Amino acid sequence: MDSQRARTQNIRSFLKILVVNLMPKKANTEVQLLRHLANTPLQLEVEFLYMASHKSKNTSNEYLENYYRTFAYIKDKRYDIVGWLLLAPRLNSCLSRRSTTGASSAS
């Protein structure tokens, strides 16, 4: 959005979103999600949550501490939406193929 358009936008309150990203490659998933959200006319404030007790295998602890929040940080905050990122698209397609195969072999 250019600066002229930004100046003419109606000021609306932000929609606060908390995302619990359980995907192994967190940065890739964040980019995909934020690209989709950026295409909406809504003004969004997005924060990511991680479980401080969990040791991530694919994302460094430094990255999580810099870009994610812990429950202790967010426990008294209010959010309009709380969402979970659970399954990768590949896994989703794998599951749908499996259910289709299972349904056809049963008949």
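It should be emphasised that the depicted structure is a prediction, and the values quoted were computed from it without experimental measurement. (Residues numbered from 1 in each chain as written. Predicted model: local features only at pLDDT ≥ 70, side-chain atom pairs only at ≥ 80, totals over all residues. Heavy atoms only, no water.)

A. Examining the packing of aromatic side chains more closely. According to the stated counting rule, one finds four aromatic pairs in the structure shown. Measuring from ring centre to ring centre gives 5.3 Å for Phe48 and Tyr68, while their planes differ by 40°; the resulting arrangement is tilted. Note that Phe48 is positioned in strand β2 (residues 44-49) and Tyr68 in the loop between α3 (61-67) and α4 (71-74), a separation of 20 residues in sequence. Residue classification places Phe48 among the buried residues on the basis of a relative accessible area of 6%. Owing to a relative accessible area of 2%, Tyr68 belongs among the buried residues under this scheme. Arranged with centres 4.8 Å apart and planes meeting at 45°, the rings of Tyr63 and Tyr67 form a pair that is tilted. (Phe/Tyr/Trp six-rings, centres within 6.5 Å; stacked < 30°, edge-to-face > 60°. Helix = DSSP H or I, 4+ residues; strand = E, 2+ residues; numbered from the N terminus. Buried < 20%, exposed > 50% of the residue type's maximum accessible area, 1.4 Å probe, protein only.)

B. Representation of the pattern of salt bridges. Summed over the entire model, instances satisfying the criterion amount to three salt bridges. With a shortest N-O distance of 4.0 Å, Glu45 and Lys16 are connected by a salt bridge. Placement of the pair is Glu45 in strand β2 and Lys16 in strand β1 (residues 15-21), with a sequence separation of 29 residues. Residue Glu45 is classed as partly exposed on the basis of its relative accessible area, which comes to 31%. Given the relative accessible area of 23%, Lys16 is considered partly exposed. Residues Glu47 and Lys77 are paired through a salt bridge, measuring 3.2 Å at the closest nitrogen-oxygen approach. Of the two residues, Glu47 sits in strand β2 while Lys77 sits in the loop between α4 and β3 (81-85), which places them 30 residues apart along the sequence. With relative accessibility at 27%, the residue Lys77 sits in the partly exposed group. Through salt bridges that share partners, Glu47, Arg69 and Lys77 make up one connected network. (Salt bridge = Lys/Arg side-chain N within 4 Å of Asp/Glu carboxyl O.)

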